[in-house]
Amino acid sequence: MDRNDKGFIATGYNPQKPMENRISDIGPHKYDTYFPPVIKKNFGKWLYHEILEPGILMHVAEGGDKVYTVRVGGTRTMSISHIRELCDIADKHCGGFLRWTTRNNIEFMVTDEGAAKALRDDLNGRKFPGGSFKFPVGGTGAGISNMVHTQGWVHCHTPATDASGPVKCVMDAVFDEFKSMRMPAPVRIALACCINMCGAVHCSDIGLVGIHRKPPMVDHEWADKLCEIPLAVAACPTAAVRPTQVEYKGAKVKSVGIKEDRCMYCGNCYTMCPALPISDGEGDGIAIMVGGKVSNRISFPKFSKVVVGYIPNEPPRWPTLTKTVKKIVEVYAANARKYERLGDWAERIGWETFFKLTGLEFTHHLIDDFRDPAYYTWRQSTQFKF
Amino acid sequence: MPEDKDIIIEYLKSKESTKSKHYFKDFTDLFPDKGPREVKKLLTQLVQEEILEFWSSGSTTMYGLKGSGKQAGAEGES
Amino acid sequence: MAKHKTPLLDQLESGPWPSFVSDIKQEADNRAKNPKGLTHQVPVDCPEDLLGVLELSYTEKETHWKHGGIVGVFGYGGGVIGRYCDQPEKFPGVAHFHTMRVAQPSGKYYNTKFLRDLCDIWDLRGSGLTNMHGSTGDIVLLGTQTPQLEEIFFELTHNMNVDLGGSGSNLRTPAACLGMSRCEYACYNTQDMCYQLTMDFQDELHRPAFPYKFKFKFDGCPNGCVCAMARSDFAVVGTWKDDIKIDQEKVKAYAGGAIKPNAGAHSGRDWGKFDLQAEVVDRCPSHCMKWDGSKLSIKTADCVRCMHCINTMPQALRIGDERGASILVGAKAPVVDGAQMGSLLVPFVRCEHPYDEVKDVIDNIWNWWMAEGKNRERVGETMKRLSFQKLLEVTNTPPSPCHIKEPRSNPYIFFKQEEVPGGWSRDLAAYRSRHQR
C-alpha cells in the first residue's frame, strides 16, 4: 500500500480509471467455509436437541455426535475491540469458530459438556468497567431473547427515539427473563426507531416503535436552495407535500407546503430534503405494540397491535417505557397458558380483559382509522365483555 | 445502441432544471418497445462510462447525470 | 480523559445488559492508545465524537444526523448509506459518517481470521464501530468518509474476497436460518439456496432497477426463525408432504415424564406433569392427532404442519421425508398502507440445487413487478392493487383453496372476456329483434 504525504494510505484503487483492476459481483463467502468440524461432519444429520440450561443447547446427530452451543446476548452496535475479544474467546474455546443469530446473539460451539460449562463461566465472568456483563449467557427457550432493533440517535436521520438506549434499559429490566425459561412461550421484543421500521417489529410479541407526532417544519429560506422540490413532493406517501411559492423576507421563493392533516410523520420528505426537519423533542416518543408472532406454531403468524399510543422519550433510562413493558410481561406470564404466545393469550381472554389486567389505558388512539383495513378491526358483534 | 443512450441523456438534460434524479421506471417509459432488463443494461453502461450516477435515499435508488443536482456534492468532503 | 462529558450516557453503563456505551468508550480508549501504531484514515477520536453527539441527542431528544445520497462504490447502486452530522463543528470526527454493508455468509458462521481481517480494515479505515448485524442481515460497518469507500471496497474484494450488501431499490442481501447446519427441523438446505440465489442475482443486488426494495429470506421450517413470512417479499419456508415420523417408544417416554417436553424450553417453571393429551393433541390446530395412552397417531391428510407437536416432542417426532418448501410473497412493514404478511403462492416446491423451479417463480414475479409496479411500491402492494389472481397468472400457478383463508364475500367477479361464451362483442341488432327500446 502507498502512503501519500497527507497520510492517506492507498490500496491500488485508481480514481482516474475506476474500472481498472476492479473486482465486483463476488457476493458473500460460501456458508460452509466457516463451519466448525462437528457442524461440517453432521450437516443435515441432526436428530434432536435439548436446552440443558438457559443459554446452553445440545444438538445430537444420527451418529451420536453432540454439539453444545453457548448463546450470549450481543449488542447490535458493537466495536471491533469487542469483536476481537469474541475472537479471543472463540480461539481459546472453540477452535476459532463462532456465529451470530438473527437476533444479534452470539453462539459458541464445543463438543464436550464440560467445555461448554467452562466456556459459560468464562463468558459470564467478563464485565465492562461500568459493571454490565460483556457476554451474558441466556436467551433460549420460553424466555425473553435478545431484542432486535434499529439505529436510533446513534446513526439514523429520521428516528423518533433512540434504539440502543431504550433496548439497554428494557433488557436490563427483563434481564432475569433472559437468564431463565419461565415464560409460557418465547417472548420476542423488538424496537424500531420510526414507523418506517427498517427493522420490522410488526410481528413481535412486544414491538416498540418510535413515533413522531408533528409534521415536518418547512425551512422556506433553504428549501429551494438545498432541495429539488419535485423530489420532496414525490417522496410523500400520502401526497401531503405540494410545491408552492411563499413570501420570504419580502421576496417570492419556491418552497413546499404541507397539508398537515394528511401527514403520517414518516420523514421520507426529510430524507430527500434537509429543509424539512421532522424530529421534535417534545413531539417524539414511543408506541407499544403487542401480540405479534412469525411462527406458524399452533396459530397463524400475526401482526402486533398498538396498546399504548404514546410514551414520551425519557432518556437516559426511559422509566415509563421499561415499567410498561415489564408490566405487560408480568401480567402475561401470570395469566397465559403454557405454549400460549402473548397474542394468542390476548385473543383468548379478549382485549377488554387484556386492558383490565394490564391496567393500560384504552384511548381513541388505539382504534384503527387508517384506510380500509381499519373497518376489519372494529367489532361487528354483540359479543363483548362488560 | 448509441442512439438509445442519447435518448436517456437528452431526457435527463431536458429535465435538469427542475429534477436531476429519476426513478428507473422513468427510463422504461422512454422505451416502450424494450423490456426493463434491456433498459437496465443501457443505464448500467452509462454508469460505467461515468455519464450517469446513482442517488439513494437508502430505501430507494434513483439515476441522474453525474454531478448534477442540488445534493450532488458530498457536503464539503474532499 | 474523555473528550466530551456524557453524564446521561454514563447512566447506561450500569445494569446487567451489555452496555453499548461502555463498548464505545472502550473503542475510544483503544484508538487513543493505538497499540498497532496505525495511521488512522478517519479521525481517531470519532468514537468520542459519536458519544458526544449522542449525549446531545439525549439532552435534546432529537437526532443529529442527516441523510446523504451517496450510494456505493463505483458502478454499484447500493451498499453504502450516506450520513452527515448536523453539528459538524462540534463533532468533526463524525461530520461525515457513512455506513457500509458487507455481505454476510448465510447462517452467519465465521472464523476468527475472517473477523479479525475485517476488524483490521475497519480499524485503519473506519470508526471501529459496527453493527453485528443490520436488520436485513448484513455486517454493517458504521462510520467512514467518502475517500475511504473505494479503498475499503478494494481491500474487501482483493484481500478478503467478499462483497458489499444491498441497499436502495434492489435485491437486498438475502438471509437464511442456520438450517441443516445445526437444526433437525430444516426441510431444505436454506443456506445453500440463500447462497446460490445471492450469487445468481448479484446484478440485481448491486444495480437497482426495481420499483423498490425486494427481500428474500429462507426459513427451514414453519417455526420461522428468520421471520421470512413477515419480513421478506419472497419467503421460502420449509415444509413436507408425507407423514410425520413417529417413534412410539419415545412418545411413551415423553408421556411418562422420562424426557423433558419441548426440549427443555419450559424448564424454568413448574408447569406440573406433562400431559400429552392436553399439551399436544388438544392444541393441534387441525385436530389431526389421537393418543390412546400407548400409541400416538396422526392423520397426515389433516395435518397443517404447524410444528407444535414436533417442537414439543423433538425426540419422538420428526419432519417427513418428502421435503421441500412453500413460497409466500409480499410481506412488508406497515408504511404506507399497513403491514402485510407473505401470502401463500406456491404450496410446495422442490428445493434441489440449482433451484431452477424457485428461480422461475422469482423471474416471473420480477418481470411482472418491474413492468407494472409503481415507484416505491413493494410487490405486496402491487399484488393488492392488481389482484392475487394476477400474481397466480404471471407465475403460472393454478388457483387452489390453500391460497385463501376464505372465498370472497362479494360477487364482483372480474370475468375475462374469454371465460364467457361469445366474448363481449354482442349483436345489438339481434338483441333489438327480441327487445324493444
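In case you missed it, the structure is sitting above this.
Rules and cut-offs
- Residues numbered from 1 in each chain as written.
- Chains lettered and ligands numbered in written order.
- Predicted model: local features only at pLDDT ≥ 70, side-chain atom pairs only at ≥ 80, totals over all residues.
- Heavy atoms only, no water.
- Helix = DSSP H or I, 4+ residues; strand = E, 2+ residues; numbered from the N terminus.
- Buried < 20%, exposed > 50% of the residue type's maximum accessible area, 1.4 Å probe, protein only.
- Disulfide = S-S within 2.5 Å.
- Patch = residues over 30% accessible without salt bridge, like charges linked within 9 Å, V, L, I, M, F, W, Y side chains within 5 Å.
- Areas by Shrake-Rupley, 256 points an atom, 1.4 Å probe, with all protein chains shown as cover.
- Salt bridge = Lys/Arg side-chain N within 4 Å of Asp/Glu carboxyl O.
- Contact = heavy atoms within 4.5 Å.
- Buried area = accessible area lost by both parts, 1.4 Å probe.
- Polar contact = N/O pair within 3.5 Å; in protein donor to acceptor, adjacent residues only side chain to side chain.
- Expected span 1.5 Å × (residues − 1).

K.L.:
Would you explain the environment of Glu247 of chain A in this entry?
P.N.:
Residues and elements named next belong to chain A. Along the chain, Glu247 turns up in strand β12 (residues 241-248). The exposure class of Glu247 is exposed, given its relative accessible area of 55%. It is 8.8 Å that separates the C-alpha atoms of Glu247 and His220, two residues lying 27 residues apart in sequence.

K.L.:
Quick question: what am I supposed to make of the state of the cysteines here?
P.N.:
By definition, a disulfide links the sulfur atoms of two cysteine residues through a covalent bond. Residues and elements named next belong to chain A. Here the structure, examined in full by the defined rule, presents one disulfide over all chains. As a non-bridged cysteine, Cys193 has Cys156 as the owner of its nearest cysteine sulfur, 4.7 Å distant. The exposure class assigned to Cys193 is buried, which follows from its relative accessible area of 3%. The thiol sulfur of Cys263 is not disulfide-bonded, and the nearest other cysteine sulfur, from Cys269, lies at 6.7 Å.

K.L.:
Help me out: how do you make sense of a nonpolar patch on the surface in this one?
P.N.:
Residues and elements named next belong to chain A. A cluster of nonpolar side chains, contributed by Phe362, Ile367, Tyr375, Tyr376 and Trp378, occupies part of the molecular surface with about 610 Å² of accessible area. Mapped onto the elements, Ile367 comes out in the segment after α11 (351-358). The partly exposed category is assigned to Ile367, whose relative accessible area is 42%.

K.L.:
So what exactly am I meant to see when it comes to helix α13 (residues 379-386) of chain C here?
P.N.:
In an α-helix there are 3.6 residues to a turn, and that puts residues three or four apart on one side. All names here are of chain C. Every buried residue of α13 is accounted for by Val379, Gly380, Glu381, Thr382 and Met383. Elements that come into contact with the buried residues of α13 comprise β14 (323-329), β15 (343-349), α12 (356-372) and α14 (388-394). Positive phi shows up at Ser387, right after α13, with a value of about 95 degrees.

K.L.:
Looking at this model, I keep getting lost on the interface of chain B and chain C. Mind explaining?
P.N.:
Where the parts come together, the accessible area they lose is often given as the size of the interface. Of the residues lining the interface, 24 residues belong to chain B; the matching set on chain C comes to 38 residues. Approximately 2,600 Å² of surface area, both sides summed, lies buried where chain B meets chain C, with 52% of it carried by carbon and sulfur atoms. Counting across the chain B and chain C interface gives two salt bridges. Across the contact surface, chain B and chain C share twelve residue pairs in polar contact (both at pLDDT 80 or more). Elements with a contribution of two residues or more to the side of chain B that touches chain C: α2 (24-28), α3 (36-48), β1 (52-56) and β2 (61-65) of chain B.

K.L.:
What am I meant to see in helix α2 (residues 20-33) of chain C here?
P.N.:
Residues and elements named next belong to chain C. Given a rise of 1.5 Å per residue, 14 residues ought to cover 20 Å, and the 20 Å separating the end C-alpha atoms of α2 matches this to within 8%. Turning to α2, its buried residues are Phe20, Val21, Ser22, Asp23, Ile24, Gln26, Glu27, Ala28 and Arg31. A distance of 3.2 Å separates the backbone nitrogen of Val21 from a side-chain oxygen at the start of α2, and that oxygen is part of Ser19.

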